[in-house]
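Coordinate analysis (summary)
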Amino acid sequence: MDRIVITGGAPLTGVLPISGAKNAALPLMIASLLTGDTLELANVPRLADVQLLLRILGNHGVDHTVVGRRPGESAETGQTLRLCASTIIDTTAPYELVSRMRASFWVIAPLVARFGEARVSLPGGCAIGTRPVDLLILALERLGAQIEIEAGDVVARTPKGLKGAEIVFPKVTVSGTHVAMMAAVLANGTTVIENAAREPEIVDVADCLNKMGAKVSGAGTPTIVIEGVPRLGGARHEVLPDRIETGTYAMAVAMAGGDVLLENARAPLLQSALDTLVQAGVTIDPTNAGIRVARNGAGLDPVDVTTEPFPGFPTDLQAQLMALMTRAKGTSRIRETIFENRFMHVQELARLGARIRLDGDLATVEGVERLRGAPVMATDLRASVSLVIAGLAAEGETTINRVYHLDRGFEALEAKLTRCGAQVERVRG
């Protein structure tokens with residue numbers, strides 16, 4: 001397996017381009033199943049998860065092409081995909097594919113909406129808690145799908161088509177909201193989704209669906225209203241910038257020190273995280289070109305944070321913030337309310353000299369004067385990049401093993417950090 005070796009101590013300066021959002025690109029690609037026409041998606045990040053989803057869609061019969069490089073595109077700025085699901089040969093998504101990425105389970109919604117049936121294996125994904133699919137099944141059942149569990153597969157059938165309904169989620173669910181939207185756009189009648197997730201990626205998918213001919217209103221609020229239509233057509237859509245990548249590199253600059261423009265980043269997509277960095281003493285300056293992040297000489301102040309659904313502090317930035325707070329002047333408290341088992345990075349940060357105490361969903365971080373490089377092990381996507389952030393400030397050399405997690409969610413990570421002055425090297429396994 002590949003490893004990443006970081007020699008800490010170098011400040012970051014320059015321009016770092018922000019890629020398209022993984023958490024929008026994946027459901028947008030799945031939405032291609034809703035139409036027989038071509039869906040063109042620009043600014044799709046080059047990630048292992050994107051490649052895996054292309055395999056899964058190809059298994060259903062979706063054709064895809066990677067469009068030739070456009071002006072301004074590079075290996076660090078995404079790609080343009082054309083997806084065409086005109087001939088679907090199989091409405092089954094097998095275990096060997098779905099078990100490797102949780103989001104691939106979402107194909108169940110467009111398949112049952114357009115073809116009246118789907119068989120999808122129960123999902124896998126990052127080992128950060130159970131993350132059950134019960135709310136996704138709830139949404140489909142509300143729309144009239146008949147659901148059975150057979151040999152580890154979820155089988156959905158709707159002989160007479162889906163019908164608009166009221167869907168009230170007992171708790172905010174991003175995956176449930178995506179599934180409900182994709183199923184409801186082809187349902188007969190009006191669907192109202194209450195307690196819907198408000199994440200920017202939900203809004204991005206809704207915008208794309210509307211370009212395809214759907215009638216979705218209210219995305220970005222707790223109530224989404226969808227008027228079903230008989231069919232959707234093709235469209236062209238550009239994936240919005242990745243707010244989690246933006247926050248991650250902002251924290252990397254805050255950790256290492258320096259001055260970096262996060263090109264194409266949009267501050268409103270992660271205002272809570274940016275406000276937290278300002279509280280910690282980091283300079284944040286939104287511009288027309290992106291977000292400028294700087295920390296020159298001053299120390300870091302401790303912060304108290306609780307993860308919450310958007311617009312609160314994102315759970316996907318919790319590990320990165322914890323790494324940053326290991327160098328703060330004082331004690332920080334980070335409460336994780338979204339996922340259980342999402343503190344697996346704590347033991348690895350401790351190997352670098354961090355002082356972190358866990359009590360249920362609360363992590364208490366006592367800042368230390370210095371971290372020291374050591375071999376560490378990535379446990380999931382966000383935890384792995386927290387170790388990169390810590391390594392940027394650790395004395396000596398930090399070796400991060402099992403970096404395939406990073407390849408799932410961060411496009412050209414070593415190249416982006418290296419161009420800003422970091423000493424980062426990938427060692428092929």
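Notes on the structure follow. (Residues numbered from 1 in each chain as written. Predicted model: local features only at pLDDT ≥ 70, side-chain atom pairs only at ≥ 80, totals over all residues. Heavy atoms only, no water.)

This next bit is on the packing of helix 1 (residues 22-30) against helix 2 (residues 48-60). Contact pair helix 1 / helix 2: the axes reach a minimum separation of 11 Å and the direction vectors enclose 10°. Taken together, the axes of helix 1 and helix 2 are roughly parallel relative to one another. In contact with K22, L26, M29 and I30 of helix 1, helix 2 contributes D49, V50, L53, L54 and L57. Among the residues making up the contact of helix 1 with helix 2, the classes are represented as 7 nonpolar, no polar and 2 charged. (Axes fitted to C-alpha atoms, helices over the stretch in contact; angles between N-to-C directions. Helix = DSSP H or I, 4+ residues; strand = E, 2+ residues; numbered from the N terminus. Parallel < 35°, antiparallel > 145°, perpendicular 65-115°, else oblique. Contact = heavy atoms within 4.5 Å. Nonpolar A, V, L, I, M, F, W, Y, C, P; charged D, E, K, R; others polar.)

Moving on: helix 8 (residues 243-256). When the terminal C-alpha atoms of helix 8 are compared, their 20 Å separation across 14 residues agrees well with the 20 Å that a helix rising 1.5 Å per residue should span. For helix 8, a buried count of 14 out of 14 residues is recorded, marking the element as mostly surrounded by other parts of the structure. One side-chain oxygen at the N-terminal end of helix 8 lies 2.9 Å from the backbone nitrogen of I244; it belongs to D242. Taken from the residues just after helix 8, G257 is the one with a positive phi, measuring 85°. (Expected span 1.5 Å × (residues − 1). Buried < 20%, exposed > 50% of the residue type's maximum accessible area, 1.4 Å probe, protein only. Polar contact = N/O pair within 3.5 Å; in protein donor to acceptor, adjacent residues only side chain to side chain.)

What follows covers the pairing of strand 3 (residues 38-44). With respect to burial, strand 3 is a largely interior element, 6 of its 7 residues being buried. Taken together, the 5 bridges between strand 3 and strand 5 (residues 79-84) define a ladder with antiparallel strand orientation. Residue pairing in the sheet places V44 in a bridge with Q79 of strand 5. The pairing of strand 3 with strand 14 (residues 235-238) spans 4 bridges and is parallel. Note that in strand 14 the partner of L41 across the bridge is H237. (Pairing = 2+ DSSP bridges.)

F310 connects to P311 through a cis peptide bond whose omega is 15°. Within the secondary structure, P311 sits in the loop between strand 18 (304-306) and helix 10 (318-325). One non-glycine residue with positive phi stands out, namely N43, at about 60°. Counting through the fold element by element, N43 comes out in strand 3. Residues other than glycine seldom take positive phi values, yet A412 does so here, at roughly 55°. Tracing the chain through its elements places A412 in the loop between helix 13 (404-409) and helix 14 (413-419). Take A412: its relative accessible area is 27%, and that puts it in the partly exposed class.

Here the focus is the sheet that holds strand 18. Pairing in this open sheet of 4 strands is mixed, and the strands run 18-19-21-20 from one edge to the other. At either end of the open sheet lies a strand with only one pairing partner, and these are strand 18 and strand 20 (355-359). Between one strand and the next, the sheet's axes are offset by a mean angle of 15°, whatever the strand orientation. Looking at chain direction, strand 19 (residues 331-335) and strand 21 (residues 362-366) are connected through 5 bridges and run antiparallel. When the sheet's bridge partners are listed, R335 is paired in strand 21 with L362.

On to the nonpolar core. By size, the foremost hydrophobic cluster in this structure holds 154 residues, and its most contacted members are L12, M29, M181 and L209. When residues of this core are assigned to their parent elements, the largest contribution, 9 residues, is made by helix 8. In contact with M181, not counting residues within four places along its chain, are I193, I202, V205, A206, L209, V216, I224 and I226. (Core = buried A, V, L, I, M, F, W, Y, C linked by side-chain atoms within 4.5 Å.)

Spatial strand order, 6-7-9-8: 4 strands in an open sheet with mixed pairing. Each of the sheet's edge strands pairs with one partner strand only, and the pair in question is strand 6 (92-93) and strand 8 (146-150). In the sheet, strand 7 (residues 117-121) pairs with strand 9 (residues 153-157) via 5 bridges, with the strands oriented antiparallel. What sits directly across from V120, in strand 9, is V154.

Within helix 9 (residues 271-279) the residues assigned to the buried category are A273, L274, T276 and L277. Taken end-on, helix 9 shows its buried residues confined to a sector of 155°, consistent with a single buried face. After helix 9 finishes, the residue G281 shows a positive phi value of roughly 100°. (Arc of directions from axis to C-beta.)

The next thing to look at is the state of the cysteines. A covalent bond bridging the sulfur atoms of two cysteines is what the word disulfide describes. For the structure shown, the criterion picks out 0 disulfides. There is no disulfide at C84, and the cysteine sulfur nearest it, in C208, is 14 Å away. (Disulfide = S-S within 2.5 Å.)

Helix packing for two helices is described by the angle between their axes and how far apart those axes are. Interaxial distance between helix 10 and helix 12 (residues 381-393) falls to 8 Å at its minimum, and their mutual angle equals 25°. By the angle class used here, helix 10 and helix 12 are roughly parallel. Crossing of helix 10 over helix 12 shows right-handed handedness. Residues A319, Q320 and A323 of helix 10 form the contact with helix 12, whose participating residues are R382, A383, V385, S386, I389 and A390. Considering only residue class, the contact of helix 10 with helix 12 consists of 6 nonpolar, 2 polar and 1 charged. (Left-handed = near helix turned anticlockwise from the far one by under 90°.)

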